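# Report on the structure
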Amino acid sequence: MAAPAVPRSVLLIVSGSIAAFKVPELIRLLKADGIQVRCVLTQGGSQFVTPLTLQALSGQPVHTDLFSLTTEQEMGHIALSRSADLLLVCPASANLLARMAGGLADDLASTVLLATDTPVMVAPGMNVRMWDHPATQANIKTLKERGVTFLGPVSGEMACGEYGPGRMVEPADVLDAVLGFFRQQVRQTGPLAGKACLVTAGPTHEPLDPVRYLANRSSGKQGYALAEALADLGAEVTLISGPTGLRPPAGVTVSFSETACEMQDLTLDTARSKAFDLAICTAAVADWRPAYVQDQKIKKKVGKDDVPPPLALLPNPDILAELSAPSSFRPQLVVGFAAETETVEAHARAKLARKGCDWIVANHVGAGSGVMGGSENQVILMTQDTAEHWPRLSKEDVARRLAITLADWFSKRHKSL
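Here's what I pulled together on the structure shown here. (Residues numbered from 1 in each chain as written. Predicted model: local features only at pLDDT ≥ 70, side-chain atom pairs only at ≥ 80, totals over all residues. Heavy atoms only, no water.)

## As for the overall build of the protein
Regarding its fold elements, the protein presents 14 helices and 22 strands. Overall size of the protein, expressed as C-alpha extent along the three principal axes, is 75 × 65 × 40 Å. Of all 417 residues assigned to the protein, the portion counted as buried reaches 49%. Of the contacts formed within the protein by residues at least 6 apart in sequence, a portion of 69% connects residues at least 24 apart. Total accessible area on the protein is roughly 19700 Å²; 53% of this is exposed by carbon and sulfur atoms. If the 39 positive side-chain charges of the protein are averaged to one point and the 42 negative ones to another, these points end up 2 Å apart. (Helix = DSSP H or I, 4+ residues; strand = E, 2+ residues; numbered from the N terminus. Buried < 20%, exposed > 50% of the residue type's maximum accessible area, 1.4 Å probe, protein only. Contact = heavy atoms within 4.5 Å. Areas by Shrake-Rupley, 256 points an atom, 1.4 Å probe, with all protein chains shown as cover. Lys, Arg positive; Asp, Glu negative; His and termini not counted. Charge placed at Lys NZ, Arg CZ, Asp CG, Glu CD.)

Okay, structure coming up:
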């Protein structure tokens, strides 16, 4: 993921639920996204996961005892309660939820939660009957009224063999909620705060019949990474995606389309619906579509006369050119992508002039480049007057660098007004 605009930290409170076995994976995901993690482990939680495991994964001491000399001398429970940007209780047992609702402070976890003025997010995990119990539901209602955010639970099979609500959400879902929280926070202070950004990503699929379609090798990874990088700098991001296997970015508004015509309608309707400051068209929109879509699967003929049917094509709409054209809804800055297999800079320069956009990000996608569908990219950022060659980077680093460049452009433009 792209690096955030500011450091982000979470105090993770692990309570006594079998779902605690998911916590090591959650810590790994949070750390991979650049989020600092400190852990508080309850006595019940230590029955399912050890302090040594949490310490090894978080890289920080694990706090367990309210009256431990280490905690009181180095941080104190008051300082610990305010040491992070977000308090995350995961998993949250029925017992800890009850103590939170009752304002008890009889161990380190409950004391930290009572002493904090930091936002609190909880991911409950418990037996279905415990979740459904009126006492638990009353505690949940109380905590929600106090501003505590709940993640799940979901329905599923329990460790005890029962089925129903009470199953903790998966670590990836918790990560999305945490990232969404931080991206919402940075909208107030980030270098792209107040900017609305529209991003298109992924391929389009142009159907031949109910089974087959024309497509390309685009994975959508670069566009998704850009949406995340812009959101990490405080932008309000809308992503229009073609068909991909990627997880929608947290804190980003995502809409899906399949064909080029569907993406055109969705993109232009979205652009007309609000004033966007920036549009980045990374989508690899198919240039052509079949002139006729068969209602039934096209069948092979048996024998020597099995000749492939003729394939008539029609040109697809040019979404980048339509966004770039002068209009009441044209964004201040329109950036296109040019995927080329030879004479990259010359073709990209011609595309920049032909499409009418402001910048072009050109890349070589020929055989052996590993760009289409891969995890790395090597681009040339081209404006009307310049061409800046970037080294080969991960697609997340390309996204972060481009997002920072865009933030600098808006900052300089603001100062010149």
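## Overview of unusual backbone geometry
The step from C90 to P91 runs through a cis peptide bond, and the omega angle for that step is -5°. Here the bond from G152 into P153 is cis, since omega is 10°, no more than 30 degrees from zero. In this structure, T343 takes a positive phi of about 35° despite not being glycine. Residue placement: T343 occurs in the loop between β17 (333–340) and α13 (344–355). Of the residues examined, T343 reaches a relative accessible area of 48% and is grouped as partly exposed.

## Overview of the state of the cysteines
Overall, the coordinates contain 0 disulfides when judged by the stated rule. Looking at C39, it has no disulfide partner, and the nearest cysteine sulfur is the one in C90, 10 Å off. Sulfur of C261: no disulfide; nearest cysteine sulfur belongs to C281 and is 16 Å away. Classification of C261 as partly exposed rests on a relative accessible area of 26%. (Disulfide = S-S within 2.5 Å.)

## Looking at the packing of helix α1 (residues 23–32) against helix α9 (residues 171–186)
One can describe the packing of α1 onto α9 by two numbers: an axis separation of 9 Å at closest approach and a directional angle of 40°. Considering the angle they form, α1 stands oblique to α9. Our pair here, α1 against α9, has a crossing hand that is right-handed. The segment α1 lies against α9, with E25, L26, L29 and L30 engaging P171, A172, V174, L175 and V178. In terms of residue class, the contact of α1 with α9 is made up of 8 nonpolar, no polar and 1 charged. (Axes fitted to C-alpha atoms, helices over the stretch in contact; angles between N-to-C directions. Parallel < 35°, antiparallel > 145°, perpendicular 65-115°, else oblique. Left-handed = near helix turned anticlockwise from the far one by under 90°. Nonpolar A, V, L, I, M, F, W, Y, C, P; charged D, E, K, R; others polar.)

## Some thoughts on the packing of aromatic side chains
This model, assessed by the stated rule, comprises 3 aromatic pairs. Judged by centre distance (5.2 Å) and plane angle (70°), the ring pair of F181 and F182 falls under edge-to-face. Looking at F182, the relative accessible area reads 7%, which means it is buried. Here the aromatic rings of W359 and W409 are separated by 6.4 Å at their centres, their planes lie at 85°, and the arrangement is edge-to-face. Remark: W409 occurs in helix α14 (residues 395–416) and W359 occurs in strand β18 (residues 359–364); sequence separation between them is 50 residues. Aromatic ring contacts, followed pair by pair, group W359, W409 and F410 into a single cluster. (Phe/Tyr/Trp six-rings, centres within 6.5 Å; stacked < 30°, edge-to-face > 60°.)

## Here we look at the pattern of salt bridges
Under the definition given, this model contains 19 salt bridges. Among the ionic pairs, D33 bridges to R8, the shortest N-O distance being 3.6 Å. A residue pair is termed long-range when its members are at least 10 positions apart, and D33 in the loop between α1 and β2 (35–41) and R8 in strand β1 (residues 8–14) qualify at 25 residues. D33 sits in the buried class, given a relative accessible area of 5%. For D106, the salt bridge goes to R99, with nearest N and O atoms at 3.2 Å. Judged by relative accessible area, D106 falls into the exposed class, the value being 53%. Residue R99 is classed as buried on the basis of its relative accessible area of 11%. (Salt bridge = Lys/Arg side-chain N within 4 Å of Asp/Glu carboxyl O.)

## A closer look at the sheet that holds strand β13 (residues 253–256)
The strand order across the open sheet built from 8 strands is β13-β12-β9-β14-β17-β18-β20-β21, with neighbouring strands paired in mixed fashion. Edge strands, defined here as strands with exactly one partner in the open sheet, are β13 and β21 (387–389). Put simply, the sheet's adjacent strands are angled 15° from each other on average, direction ignored. In the sheet, strand β20 (residues 379–382) pairs with β21 via 3 bridges, with the strands oriented antiparallel. Bridging from a neighbouring strand, M382 pairs with A387 of β21. Packed on one face of the sheet, helix α10 (residues 221–232) meets β9 (196–201), β12 (236–241), β13, β14 (278–281) and β17 and runs near 170° to β12. (Pairing = 2+ DSSP bridges.)

## A short note on the nonpolar core
As a rule of thumb, nonpolar side chains are buried together in soluble globular proteins. Grouped together as the largest cluster of nonpolar side chains are 34 residues, with contacts concentrated most on L230, V237, L278, I280, V335, L402 and L406. If you list the elements that add at least two residues to this core, you get β9, α10, β12, β14, β17, β18, β20 and α14. Once residues within four sequence positions are removed from consideration, L278 is found in contact with A196, C197, L198, L230, P331, L333, V335, L406 and F410. (Core = buried A, V, L, I, M, F, W, Y, C linked by side-chain atoms within 4.5 Å.)

## Quick look at the side chain of S17
Within the element layout of this structure, S17 appears in the loop between β1 and α1. Among residues more than four places away in sequence, those in contact with S17 are F48, P91, G125 and M126.

## Observations concerning α9
Relative to the 22 Å expected for 16 residues at 1.5 Å per residue, α9 spans 23 Å between its end C-alpha atoms, a close match to the ideal helical length. Every buried residue of α9 is listed here: P171, V174, L175, V178, L179, G180, F181, F182, R183 and V186. Looking at the packing, one finds that the buried side of α9 touches β1, α1, β2, β4 (86–92), β5 (120–124) and α10. (Expected span 1.5 Å × (residues − 1).)

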